[in-house]
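One letter stands for each residue in the lines below.
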Amino acid sequence: MTEFSHINANGEANMVDVSAKLDSVREARAEAYIRMAPETLQLIISGQHHKGDVFATARIAGIQAAKKTWDLIPLCHPLLLSKVEVHLQAIEAESCVRIESVCKLAGKTGVEMEALTAASVAALTIYDMCKAVQKDMVIEQVRLLEKTGGKSGHFKATR
């Protein structure tokens, strides 16, 4: 069985010591989808939503969330991110919004959790902004798409 580095000799959770690791360029991409009624999606696309620009707000929320991941997930390290992008795409044929996040840094630990957090919080922000119009939206398929750098090397999700 693989030894887990987030568990100490006493079986207690602890933050991994990365001080001896060398910095390397690391990047991760994640995605999330939020499904909604066509009418709700049209409010967002047309800019007629009563709370304003839903995509702009969700983008900023996702970026901020990536920067605060260490505050939200107990064993994550605080990271000096060099790049965070959040892209939102309305997919009218499927009545959903696809969110893709990209996080990058030169550091000692990966950015997968930051990318996943950015995509998740952007989706939650869309839900929050649109819940007065529709409460049964569904956030789904939050997943890591790709990561590069670090000990585990390159990972790319398959469909």
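Residues numbered from 1 in each chain as written. Predicted model: local features only at pLDDT ≥ 70, side-chain atom pairs only at ≥ 80, totals over all residues. Heavy atoms only, no water.

In the nomenclature of an unreviewed UniProt entry, the protein corresponds to Cyclic pyranopterin monophosphate synthase from the organism Vibrio metschnikovii. Its UniProt record, at the heading Pathway (unreviewed entry), says of the protein: "Cofactor biosynthesis; molybdopterin biosynthesis." You can read under Function (unreviewed entry) in the UniProt record for the protein the words "Catalyzes the conversion of (8S)-3',8-cyclo-7,8-dihydroguanosine 5'-triphosphate to cyclic pyranopterin monophosphate (cPMP)." (UniProt positions renumbered as here; feature names shortened; annotations may be inferred.)

### Notes on the layout of surface pockets
Reported here for the largest pocket is a volume of approximately 670 Å³. Forming the walls of the largest pocket are 24 residues, and the residues nearest its centre are His6, Lys21, Thr109, Gly110 and Glu112. Ranked by residue count, the leading element in the lining of the largest pocket is helix H4 (residues 112-130), at three residues. Class assignment for the residues of the lining of the largest pocket results in eight nonpolar, nine polar and seven charged. (1 Å grid on protein atoms, 1.4 Å probe; cavity = no way out; pocket = protein on both sides within 12 Å on 5 of 7 lines; lining within 4 Å. Points joined across faces, edges and corners; volume = space filled by probe spheres on them. Helix = DSSP H or I, 4+ residues; strand = E, 2+ residues; numbered from the N terminus. Nonpolar A, V, L, I, M, F, W, Y, C, P; charged D, E, K, R; others polar.)

### Quick word on the side chain of Gln134
In this fold, Gln134 is placed in the loop between H4 and strand S4 (138-148). Side-chain polar atoms of Gln134 contact the side chain of Thr40, separated by 2.7 Å. If we ignore the near neighbours within four places in the chain, the residues touching Gln134 are Met36, Ala37 and Thr40. (Polar contact = N/O pair within 3.5 Å; in protein donor to acceptor, adjacent residues only side chain to side chain. Contact = heavy atoms within 4.5 Å.)

### A closer look at the UniProt feature "binding site: substrate" (unreviewed entry) in the protein
What UniProt calls "binding site: substrate" (unreviewed entry) maps, in this numbering, to Leu75, Cys76, His77, Met113 and Glu114. These annotated residues cover 40 residues of sequence, but their C-alpha atoms sit close together, with the largest distance between any two at 12.5 Å. As for the annotated residues named above, the ones lining the largest pocket are Leu75, Cys76, His77, Met113 and Glu114. Position of His77 among the secondary structure elements: in the loop between helix H3 (69-72) and strand S2 (83-91). Classification of His77 by relative accessible area gives buried; the value is 14%. Beyond its immediate stretch of four places on either side in the chain, His77 contacts Met15, Val16, Val18, Trp70, Thr109 and Glu114. One polar contact links the side chain of His77 to the main-chain carbonyl oxygen of Val16, over a distance of 2.7 Å. Assignment of secondary structure puts Glu114 in helix H4. You can call Glu114 buried: its relative accessible area is 3%. (Buried < 20%, exposed > 50% of the residue type's maximum accessible area, 1.4 Å probe, protein only.)

### Observations concerning the nonpolar core
Core analysis: the largest hydrophobic core is formed by 31 residues, its most contacted members being Met36, Leu88, Val97, Ile99 and Ile126. Where this core is concerned, the elements lending two or more residues are strand S1 (24-35), helix H1 (38-46), helix H2 (54-67), S2, strand S3 (96-107) and H4. At nine residues, the largest contribution of residues to this core is made by H4. For Leu88, the residues in contact, after removing those within four places along its chain, are Phe55, Ala58, Arg59, Val97, Arg98, Ile99 and Ile126. (Core = buried A, V, L, I, M, F, W, Y, C linked by side-chain atoms within 4.5 Å.)

### Brief notes about the UniProt feature "active site" (unreviewed entry) in the protein
With numbering aligned to this structure, UniProt lists the feature "active site" (unreviewed entry) at Asp128. Structurally, Asp128 is set in helix H4. What makes Asp128 partly exposed here is its relative accessible area of 37%.

### Concerning unusual backbone geometry
Residue Ser95 is not a glycine yet carries a positive backbone phi of 50 degrees. With respect to the helices and strands, the residue Ser95 is situated in the loop between S2 and S3. The exposure class assigned to Ser95 is buried, which follows from its relative accessible area of 11%.

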